[in-house]
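Fold and contact review
One-letter residues, chain by chain:
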Amino acid sequence: MAVAAVPAGGIAGHIHPEPQGFVRRYVFSLDHKIIGIQYIITAFVFMVLAGLLAEVIRTQLLNANGGFVAPDTYNEVYSVHGSAMVWLVIIPVLTGGFGNLVFPLQIGARDVAFPWLNMLSFWIFPVAGLMLFSSFLMGAPTAGWMEYPPVSLQGAAGTSMWAAAIFLVGVSSTMTGINFVVTILKMRAPGMTFTRMPLFVWGQFATAPLLMIATTALAAALAALFIERQFGVPFFDPTKGGSPVMWQHMFWFYSHPAVYIMILPAFGIISEVLPTFSRKPIFGYKLIAFSSMAIALAGFMVWAHHMFTSGLAPFLQIPFMIITFVIGVPTGIKIFSWTATLWRGKIHYTTAMLFAIGFVGLFTLGGITGIFLAAIPFDLHVHGTYFIVGHIHYVLVGGSLMGVFAGMYYWFPKMSGRLLNETLGKLHFWLFFIGFNGTFIPMHWLGMLGMPREVATYDPQFTFWNRFESFSSYLMTFAILIFFVNVLWSIRNGKRSGPNPWGARTLEWQIPSPPNYYNFKHIPTIYGLPYDFSQPLPYKGLEEELTDSPPPVAAGAH
Ligand code: HEM
Ligand SMILES: [Cu+2]
């Protein structure tokens, strides 16, 4: 019946025959769901490697005079740790991973707009990751994940490899951004107007232009660094007329928007999990949707808040401070809306929900220290100290990574047809939550007391809290180990979930788990927002999705 609702010959109507054979299905797949899972698995593999590097850092810092690895090696370890966590874990898992897996289903599409491009984007990613880690073989970068010149001009060959690897990740991100923008603009099912899109789709929609636009600035900076290192063209070397501060501008023009690439999709995940397990419509749908766009836009105007100590003219510092404060407003609006969603809800404390609630608390702490840092006088005091390390881990681990875990517990059934084990899940959550806070809270006062970041030894007066942090970090690592055990065990032995184990209302839950190759037998028509739990579902044309009937051959199929 509902075939008529699909514009004849429109892209939404195509059903391609499912490819046969392992390689076409699972290796060089064109299916957005498989590509999403490929991203997620690859990012978790890199997370294990980057996590091991983190534990090398924490083990080194057990003692004030270090001694676990040589100081040069220590520099390499934290540089690759940070680079890998940002570019090989958080960005890919949230965009290529959950983005691919979930949002095309949520807008009622059969795939993304450019499936071949999608496959290419994915396959660049593991190659770039191996390149980054291979830099250890030739002397890894030593100037941190920001690789400021002149130090990054002096390092061994691995820094050039780093630049090439991150450049490739950037190419992959840019292509993913283009793909997602076009998909969301062009391939929504009939009736899926912008203000009916699930909030996860809004999160991806706000992120995709950042992937497209900001990443090009990074690519230019990386190319320049590579060219200077390999061919001696002096972009950044001050002794030859270059400007090291120019690198900082180019780097942060990308990397401040990049912090939103790493958080907006996680905001989207949380905005799905909270209403589902509060059994209440999300509070302030439009506020959440539009504040993501506002954050994305304003994110391009604050980059120099990372450069208050770089000699920037004071009259230029002030606007950067003010606009950074202003970004706190849409961010606060979201926190308010999530809290109001919980208010008087019928809360189901599933593991996904625990991670989502944990996200709201921990991200808020990280956001507040961000506002501290936006204030120039405070920033001058703590820039380059452990306070910054505290801030970034509250937003990136307490925020982004907790969002990833919430998304894993929530959508694992959609990927695999099975639930993750809830007992192991809760153990994972609580140990992680305790270990995380123990690791990163003391960094705030250590930083204010003057402990610098990125050094292999420290003043002995800081020994107690550093040991406290290191032991807490082992607990956190153990919690993540439980998560991996849970995933591996549940893939085979988890409880079968059925199509909609959570009673959730967005489109992906109205079709089988895992969904069919072509996602929807008939493209549904959408009549309203997905979040109103007291109303019937706002969809038509889904009647046959859970039956055995074969998909119709839509007009225009080939
Ligand atoms: C209200 C929100 C936020 C504000 C006002 C804010 C503000 C700031 C400021 C002013 C700095 C520079 C500190 C310095 O180096 O002296 C900073 C650093 C940083 N922030 Fe935020 N931030 C916010 C949210 C976030 C979020 C959501 C993320 C990522 C998910 C993030 C990631 C980072 C990172 C990675 C750095 C440090 C980079 C480095 O030096 O290694 N921030 N933040
Ligand atoms: Cu920033």
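Small disclaimer: the values here were computed from a predicted structure and weren't measured. (Residues numbered from 1 in each chain as written. Chains lettered and ligands numbered in written order. Predicted model: local features only at pLDDT ≥ 70, side-chain atom pairs only at ≥ 80, totals over all residues. Heavy atoms only, no water.)

Let's shift gears to the coordination of the iron atom of ligand 1. Coordination of the iron atom of ligand 1 by the protein comes from a single atom, His391 (NE2), at 2.1 Å. Along the polypeptide, His391 turns up in helix α14 (residues 386-416). (Donors = N, O, S within 2.8 Å, 3.2 Å for Na, K, Ca; no water. Helix = DSSP H or I, 4+ residues; strand = E, 2+ residues; numbered from the N terminus.)

We now examine the nonpolar core. By size, the foremost hydrophobic cluster in this structure holds 161 residues, and its most contacted members are Trp87, Phe98, Trp338, Phe359, Met408 and Phe432. In terms of residue count, helix α3 (residues 71-106) provides more of this core than any other element does, 18 residues in total. Ala304, Phe308, Leu312 and Ile376 belong to the second-largest nonpolar core, a separate cluster that totals six residues. (Core = buried A, V, L, I, M, F, W, Y, C linked by side-chain atoms within 4.5 Å. Buried < 20%, exposed > 50% of the residue type's maximum accessible area, 1.4 Å probe, protein only.)

In this section: the coordination of the copper ion (ligand 2). In this structure, His256 (ND1), His305 (NE2) and His306 (NE2) serve as the protein donors to the copper ion (ligand 2), at separations of 1.8 to 2.0 Å. Given a relative accessible area of 13%, His305 falls into the buried group.

In this section: unusual backbone geometry. Going from Pro149 to Pro150, the amide bond is cis rather than trans, its omega being 5°. Position of Pro150 among the secondary structure elements: in the loop between α4 (115-134) and α5 (151-154). The phi torsion at Arg279 lies on the positive side, around 55°, for a residue other than glycine. On the secondary structure map, Arg279 appears in the loop between α9 (264-278) and α10 (285-298). Overall, Arg279 belongs to the partly exposed group, its relative accessible area being 28%.

This paragraph deals with a nonpolar patch on the surface. Residues Ile441, Trp445, Leu449, Phe464, Trp465 and Phe468 make up a contiguous nonpolar surface patch of roughly 580 Å² in combined accessible area. Counting residues per element, the ones that place at least two in the nonpolar patch are α15 (422-448) and α16 (463-493). Per-element accounting of the nonpolar patch gives the leading share, three residues, to α16. When you line up the elements, Phe464 lands in helix α16. (Patch = residues over 30% accessible without salt bridge, like charges linked within 9 Å, V, L, I, M, F, W, Y side chains within 5 Å. Areas by Shrake-Rupley, 256 points an atom, 1.4 Å probe, with all protein chains shown as cover. Salt bridge = Lys/Arg side-chain N within 4 Å of Asp/Glu carboxyl O.)

One pass over the structure, following the stated rule, counts 64 aromatic pairs. The interplanar angle of 65° and the centroid separation of 4.8 Å between the aromatic rings of Tyr394 and Phe436 together place this pair among those described as edge-to-face. Taken as a pair, Tyr394 in helix α14 and Phe436 in helix α15 lie far apart in primary sequence, 42 residues in all. Exposure class is identical for Tyr394 and Phe436. Each is buried. (Phe/Tyr/Trp six-rings, centres within 6.5 Å; stacked < 30°, edge-to-face > 60°.)

Below, the discussion takes up α15. Taking 1.5 Å as the rise per residue, α15 with 27 residues should run 39 Å; its terminal C-alpha atoms sit 39 Å apart, in good agreement. By the N-cap criterion, in which a side-chain oxygen at the helix start approaches the backbone nitrogen of a residue two or three places on, α15 is capped by Asn421, the distance to Thr423 being 2.8 Å. Trailing α15 by a residue or two, Gly450 shows a phi angle of about 105°, which is positive. (Expected span 1.5 Å × (residues − 1). Polar contact = N/O pair within 3.5 Å; in protein donor to acceptor, adjacent residues only side chain to side chain.)

What follows is about the environment of Ile35. Here Ile35 is to be found in helix α2 (residues 32-60). For the pair Ile35 and Trp123, spaced 88 residues apart in sequence, the C-alpha to C-alpha distance is 9.4 Å. Apart from the residues within four sequence positions on either side, Ile35 is in contact with Ser29, Leu30, Asn100, Pro115, Asn118, Met119 and Phe122. (Contact = heavy atoms within 4.5 Å.)

So, on to the packing of α3 against α14. Contact geometry of α3 with α14 gives a least axis separation of 11 Å together with a crossing angle of 35°. In this structure, α3 meets α14 at a crossing whose hand is left-handed. Side by side, α3 and α14 meet where Tyr74, His81, Ile90, Val93, Leu94, Phe98, Leu101, Val102 and Gln106 of the first sit next to Tyr386, His393, Leu396, Ser400, Leu401, Val404, Gly407, Met408, Trp411 and Met415 of the second. Taken together, the residues of the contact of α3 with α14 break down into 14 nonpolar, five polar and no charged. (Axes fitted to C-alpha atoms, helices over the stretch in contact; angles between N-to-C directions. Left-handed = near helix turned anticlockwise from the far one by under 90°. Nonpolar A, V, L, I, M, F, W, Y, C, P; charged D, E, K, R; others polar.)

Right, let's get into the pattern of salt bridges. The final tally for this structure, using the stated rule, is six salt bridges. In this structure, the salt-bridge partner of Glu469 is Arg58, at a minimum N-O distance of 3.0 Å. Of the two residues, Glu469 is situated in helix α16 and Arg58 in helix α2; the sequence distance between them amounts to 411 residues. Measuring nitrogen to oxygen at the nearest pair gives 3.7 Å for the salt bridge that ties Arg453 to Glu454.

To continue, consider the site of ligand 1. Near ligand 1 there are 23 residues, and of these Trp145, Asp379, His383, His391 and Arg453 occur at the shortest range. Interatomic distance of 2.4 Å between a side-chain N/O atom of Asp379 and an oxygen atom of ligand 1. Within the side chain of His391, one N or O atom sits 2.9 Å away from a nitrogen atom of ligand 1. Class assignment for the residues of the shell around ligand 1 results in 13 nonpolar, eight polar and two charged. (Near = heavy atom within 4 Å.)

Right, let's get into the side chain of Thr331. Among the secondary structure elements, Thr331 is positioned in helix α11 (residues 314-342). The class for Thr331 is buried, based on a relative accessible area of 12%. In this structure the side chain of Thr331 is engaged in a polar contact, spanning 2.7 Å, whose partner is the backbone oxygen of Ile327. With residues up to four places along the chain from it excluded, the contact list for Thr331 reads Ile295 and Phe363.

Once that is clear, we can look at the side chain of Glu545. Among the structural elements, Glu545 can be located in the segment after β2 (539-540). Polar contacts involving the side chain of Glu545 include one to the main-chain amide nitrogen of His522, which spans 3.2 Å. Among all residues touching Glu545, those that are not within four sequence positions of it are Gln510, Ile511, Pro512, Asn519, Phe520, Lys521 and His522.

Looking at the chain, the pLDDT average stands at 94 and 96% of residues meet or exceed 70. Segment residues 1-12: pLDDT under 50, and 19 contacts once partners within four positions in sequence are set aside and those in other chains are kept. (pLDDT = per-residue confidence, 0-100.)

Another aspect to go through is the environment of Gly498. Looking at the secondary structure, you find Gly498 in the loop between α16 and β1 (525-526). For the pair Gly498 and Arg418, spaced 80 residues apart in the sequence, the C-alpha separation amounts to 7.8 Å. Excluding its chain neighbours within four sequence positions, the residues that come into contact with Gly498 are Gly417 and Ser513.

Here we come to the environment of Thr463. Here Thr463 shows up in helix α16. Taking relative accessible area as the criterion, Thr463 reaches 16% and is therefore assigned buried. Residues Thr463 and Asn65, 398 residues apart in the sequence, show an inter-C-alpha distance of 9.7 Å. Other than its neighbours up to four places away in sequence, Thr463 contacts Leu62, Ala64 and Tyr458.

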